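Geometric and topological summary
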Amino acid sequence: MELHQRIVSAPVDFGAVRSEFGLASDYPAEAVSEARDAVDAFAGTRVDRTDLELVTIDPPSAMDLDQALHLERTATGFTLHYAIADLGAVIVPGGALARESESRGQTFYLPDSTVPLHPPVLSEGTASLLPGVDRPVALWTIELDNDAAPLRFSVERALVRSRERFDYQQVQAAADAGTLHPSLAALPEFGRLRIEAGLERGAISLRLPAQDVVRHGDNWRLDLEPRTAADDWNEQVSLLTGMCAARILLDHRGSRVGLLRTMPPPPDTAVASLRRTAAALDIAWPGDLPVGRMLAALDPNTPAGLVLMSEATTLLRGAGYTLLADLDDPTPDQLTHSAIGAPYAHVTAPLRRLADRFTTEICLAHCAGTEVPQWVLDGLAPAAETLRRTDSLANKVDRACVDLTEATILGPRVGTDFAALVLREANGSRDAEIFVAEPPILARCAGKPPEGERVSVRLRTADPATRTIEFAYSADGNGEPAGIE
């Protein structure tokens, strides 16, 4: 099955989505002024690490570059330097910029624009880790053994200069050709070892292709592209850093100051349902094989792999933000992110997510042996509440933009038959779920198409006004399920 398809739509107006969800428009002038005039509050005390050959890996169009890395293979393991934009040093506590960002919570990405957490003059300019310029950062130094298990880690304020920026496709191509930048030469080995360590912990990773809305001139298209190995390797750098941050917070649990990203273990019913689907698809799953390892062995580019990966999304629900101050005698499950298989904290994306500025500041204080700043103590609980609210909102906005584009693309094709793969069969409470490859769409389908099978379905409705599409299946091939007129 070909998973990379590009079907162009007519122009799409995403302004209605912004209005419906009440997304902020222009940044307040006072906050923009503060961002434009921002200075490094720790300029005189930073460690100069402009000697590090740091590089960034981001999507091609990104300008808000939060992270830069330098990974070295040593005789005894690895040394990772991970530089993170230091927002806590340039945002004045209690100022207009702080208040506005603490209300917004995170950057919202729409296909035609962003609704940024911080003004672009800061997030895409003076705080972004663009190549060739000095930047204040929180610099993580993580020493690892030959199995890429962390031995020692700390974070300090430093001055760095990124040398080059890459995107994921460039890194993958260079890895395939054996021409990776020296700062990334160890990344494939590191990534594979860290992925294996995650499977040992019981981590669950879903390598489903992402559905994106992409500009195509004045129009739009839906893209569906599988993840590259480079995506997975780079993800392990951020995951490792977040796990180290959580360890620092928990090692100082007596202070009761900290914010973890958590997820409960999947319910037994969800795992049992996944086993039934695997059996129906003739996918071998020995009883003693953890779910994470079973999924890691799947090829999501095959019909059966795509079906089971899609079903496995039911295992990863309930992610949230947990304040250490709210836990008197926590169980391990209350402190753990089950998809990662370990405690985890957000620290690697402060330009785009509010939690990272607060959690980084706590880690900096603990590593330096200083007091956590009062603005962090006062603002941590409100920040957690903002993040809970905006996480839900961001998911709704993403889904609305995709739904709108799908309905616009398909509007002229009502009554057309499409080839589809049945991801989940219908049950008493919901329709079947199908994957249409061209254009790439996940959708509900009336009727009773058989799970795991390729079928023909007919588009019955595609309405941009309501952002809805409806397909129908019948065994006799007329596109009208029994009982539907």
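These numbers were taken from a predicted model, which means no experiment stands behind them.

1. What to know about the nonpolar core
One finds L80, W140, L184 and F190 to be the most contacted residues of the largest nonpolar core, which totals 56 residues. Per-element accounting of this core gives the leading share, ten residues, to helix α7 (residues 229–251). Residues contacting F190, with those up to four places away along its chain left out, are L71, F78, L144, A148, Q236, V237 and L240. Among the nonpolar cores identified, the runner-up in size contains 35 residues, and V115, V213, L404 and V455 belong to it.

2. Some details on the sheet that holds strand β16 (residues 441–446)
Ordered by their spatial adjacency, five strands build a closed barrel running β14-β15-β16-β18-β17, and the pairing between neighbours is mixed. Pairwise comparison of adjacent strand axes, ignoring direction, gives a mean angle of 50° for this sheet. Sheet topology note: the strand β15 (residues 432–436)/β16 ladder contains five bridges and is antiparallel. Within β16, the position partnered with I434 by the bridge is A443. Across the sheet, helix α13 (residues 374–410) touches β14 (417–424), β16, β17 (454–463) and β18 (468–472), and the angle it forms with β18 is around 60°.

3. Observations regarding empty space enclosed by the protein
One pass over the structure, following the stated rule, counts one cavity of 30 Å³ or more. Taken as a whole, the largest cavity holds about 40 Å³ of empty space. Lining the largest cavity are A85, D86, L87, G88, P350, D356, R357, T360 and E361. With four residues, the single largest contributor to the lining of the largest cavity is helix α12 (residues 354–368). By residue class, the composition of the lining of the largest cavity is three nonpolar, two polar and four charged.

4. Examining the pairing of strand β8 (residues 134–144)
The buried count for β8 comes to nine of eleven residues, which makes it a mostly enclosed element. Pairing between strand β5 (residues 78–85) and β8: eight bridges, direction antiparallel. Opposite H81, over in β8, you have T141 as the bridge partner. Relative to strand β9 (residues 150–166), β8 runs antiparallel, the two sharing eleven bridges. Note on β9: the bridge partner recorded for W140 is V155. Between β8 and β9, which pair antiparallel one after the other, the connecting turn spans five residues, and A148 there sits at a positive phi close to 65°.

5. Observations regarding the side chain of H81
You can see H81 is positioned in strand β5. Classification of H81 by relative accessible area gives buried; the value is 10%. Setting aside anything within four residues of it in sequence, one finds H81 in contact with R49, L52, L54, A68, L69, H70, L139, W140 and T141.

6. As for the side chain of D86
You can see D86 is positioned in the loop between β5 and α3 (96–104). Among the polar contacts made by the side chain of D86, one reaches the side chain of R157 at a distance of 2.6 Å. Setting aside chain neighbours within four positions, we find D86 in contact with R46, P136, V137, A138 and R157.

7. Let's talk about the packing of α3 against α12
Orientation of α3 relative to α12, taken along the N-to-C sense of each, is 115°, at an axis distance of 8 Å. Between α3, through A98, S101 and E102, and α12, the contact on the second element is made entirely by L354, R357 and F358. Residues of the contact of α3 with α12, tallied by class, amount to three nonpolar, one polar and two charged.

8. Some thoughts on the packing of aromatic side chains
Two aromatic rings are characterised by how far apart their centres lie and by the angle between their planes. Applying the stated criterion to the full structure yields three aromatic pairs. For the pair F78 and F190, a centre-to-centre distance of 6.0 Å together with 75° between the ring planes defines the contact as edge-to-face. Separated by 112 residues along the polypeptide, F78 in strand β5 and F190 in helix α6 (residues 187–201) bring together distant segments of the chain. We note that F78, like F190, is buried.

9. Focus: α7
Over its 23 residues, α7 runs 33 Å from end to end, which matches the ideal 33 Å to within 8%, given 1.5 Å per residue. Buried residues dominate α7, accounting for 19 of its 23 residues.

10. With respect to unusual backbone geometry
At R256, a residue that is not glycine, the phi angle is positive and equals roughly 60°. Relative to the elements of secondary structure, R256 occurs in the loop between α7 and β12 (259–262). One non-glycine residue, R467, lies in positive phi territory at about 55°. Relative to the helices and strands, R467 resides in the loop between β17 and β18.

11. Notes on the domain arrangement of the protein
For the protein, the assigned domains read domain 1 (14–264 + 318–407) and domain 2 (414–473). Summing both sides of the interface, domain 1 and domain 2 together bury roughly 890 Å²; the carbon and sulfur share of this comes to 63%. In this structure, the connection of domain 1 to domain 2 is made through one salt bridge. Of the charged contacts, one joins E20 and R467 as a salt bridge, the two residues approaching to 2.9 Å between their closest N and O atoms. Contributions of two or more residues to the side of domain 1 that touches domain 2 are made by α1 (15–20), β11 (219–225) and α13. No other element matches the five residues that α13 contributes to the side of domain 1 that touches domain 2. Partitioning the side of domain 1 that touches domain 2 into residue classes produces seven nonpolar, one polar and four charged.

12. Looking at the environment of A355
Structurally, A355 is set in helix α12. For the pair A355 and L260, spaced 95 residues apart in the sequence, the C-alpha separation amounts to 9.2 Å. Once you skip the residues sitting within four places of it in the chain, A355 turns out to touch L259, Y321, H346 and L387.

The rules behind the values
Residues numbered from 1 in each chain as written. Predicted model: local features only at pLDDT ≥ 70, side-chain atom pairs only at ≥ 80, totals over all residues. Heavy atoms only, no water. Core = buried A, V, L, I, M, F, W, Y, C linked by side-chain atoms within 4.5 Å. Buried < 20%, exposed > 50% of the residue type's maximum accessible area, 1.4 Å probe, protein only. Helix = DSSP H or I, 4+ residues; strand = E, 2+ residues; numbered from the N terminus. Contact = heavy atoms within 4.5 Å. Pairing = 2+ DSSP bridges. Axes fitted to C-alpha atoms, helices over the stretch in contact; angles between N-to-C directions. 1 Å grid on protein atoms, 1.4 Å probe; cavity = no way out; pocket = protein on both sides within 12 Å on 5 of 7 lines; lining within 4 Å. Points joined across faces, edges and corners; volume = space filled by probe spheres on them. Nonpolar A, V, L, I, M, F, W, Y, C, P; charged D, E, K, R; others polar. Polar contact = N/O pair within 3.5 Å; in protein donor to acceptor, adjacent residues only side chain to side chain. Phe/Tyr/Trp six-rings, centres within 6.5 Å; stacked < 30°, edge-to-face > 60°. Expected span 1.5 Å × (residues − 1). Domains from an automatic or database assignment. Buried area = accessible area lost by both parts, 1.4 Å probe. Salt bridge = Lys/Arg side-chain N within 4 Å of Asp/Glu carboxyl O.

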